[in-house]
Amino acid sequence: MKHALLKFLGVVVPMAIGTMLFSSCANEAAKTETASSSFSLDSAKAAIAASNKVFGASFGTGDSAAFVNLYTSEGCMYPPTMPKVCGPAAITAFFKEAHKGGITNIALTTEEVIGGKEGVVETGKYEVFITNNVSVEKGKFIVCWKEENGKWKMHRDMWNSDAPPTPAPAAPVAK
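The paragraphs below set out a description of the structure included in this document. (Residues numbered from 1 in each chain as written. Predicted model: local features only at pLDDT ≥ 70, side-chain atom pairs only at ≥ 80, totals over all residues. Heavy atoms only, no water.)

Side note on the layout of surface pockets
The computed volume of the largest pocket comes to approximately 480 Å³. Around the largest pocket, the lining is made up of 30 residues, and of these Ile106, Tyr126, Val128, Glu137 and Trp159 lie nearest the centre. Secondary-structure elements contributing two or more residues to the lining of the largest pocket are helix H2 (41-61), strand E1 (71-78), helix H4 (87-100), strand E3 (105-116), strand E4 (119-130), strand E5 (134-148) and strand E6 (151-161). No other element matches the five residues that E6 contributes to the lining of the largest pocket. For the lining of the largest pocket, a count of residues per class yields 21 nonpolar, five polar and four charged. (1 Å grid on protein atoms, 1.4 Å probe; cavity = no way out; pocket = protein on both sides within 12 Å on 5 of 7 lines; lining within 4 Å. Points joined across faces, edges and corners; volume = space filled by probe spheres on them. Helix = DSSP H or I, 4+ residues; strand = E, 2+ residues; numbered from the N terminus. Nonpolar A, V, L, I, M, F, W, Y, C, P; charged D, E, K, R; others polar.)

Let's talk about unusual backbone geometry
Of note, the phi angle at Asn132 is positive, near 60°, even though the residue is not glycine. Counting through the fold element by element, Asn132 comes out in the loop between E4 and E5. Relative accessible area serves as the criterion here: at 72%, Asn132 is assigned to the exposed category. Within the chain, Asn149 stands out as a residue other than glycine whose phi angle is a positive 55°. By the secondary structure assignment, Asn149 is in the loop between E5 and E6. (Buried < 20%, exposed > 50% of the residue type's maximum accessible area, 1.4 Å probe, protein only.)

See the structure below:
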């Protein structure tokens, strides 16, 4: 009987310890996965607000690197009346042309941010300023944000003006 009990304990106790260790490791892995996959819309909103300040201010300083760093490595802009602009080199060229054109600031006002861990969408309005803080355009925008290397960055950026379209030139009158 004593021998059978020792044999039983020799099998059951190691199995119980192994099960407890495995369960503990599995719980830790689940906790780590939950922590790394956790999402906070408030944190995303705060990151977007900080990014939007850099976005507008970069025109005043002419800092194309700071501007381009706000976009993902595969980021694209969809400017009105132009083809899309994708990638760091093209976005840098776009920024430089806009800055050379006299833009000194772009004020962004977020109206809504919705989404989850895979991405969020921001909608809002913008106002473009030139020298002496003169407003030259107002409009609306929509930006798809994506987390890249632990930072929320613009992945797709589209905007258009609130100004009415320029009328087409009148057709020449036949004589």
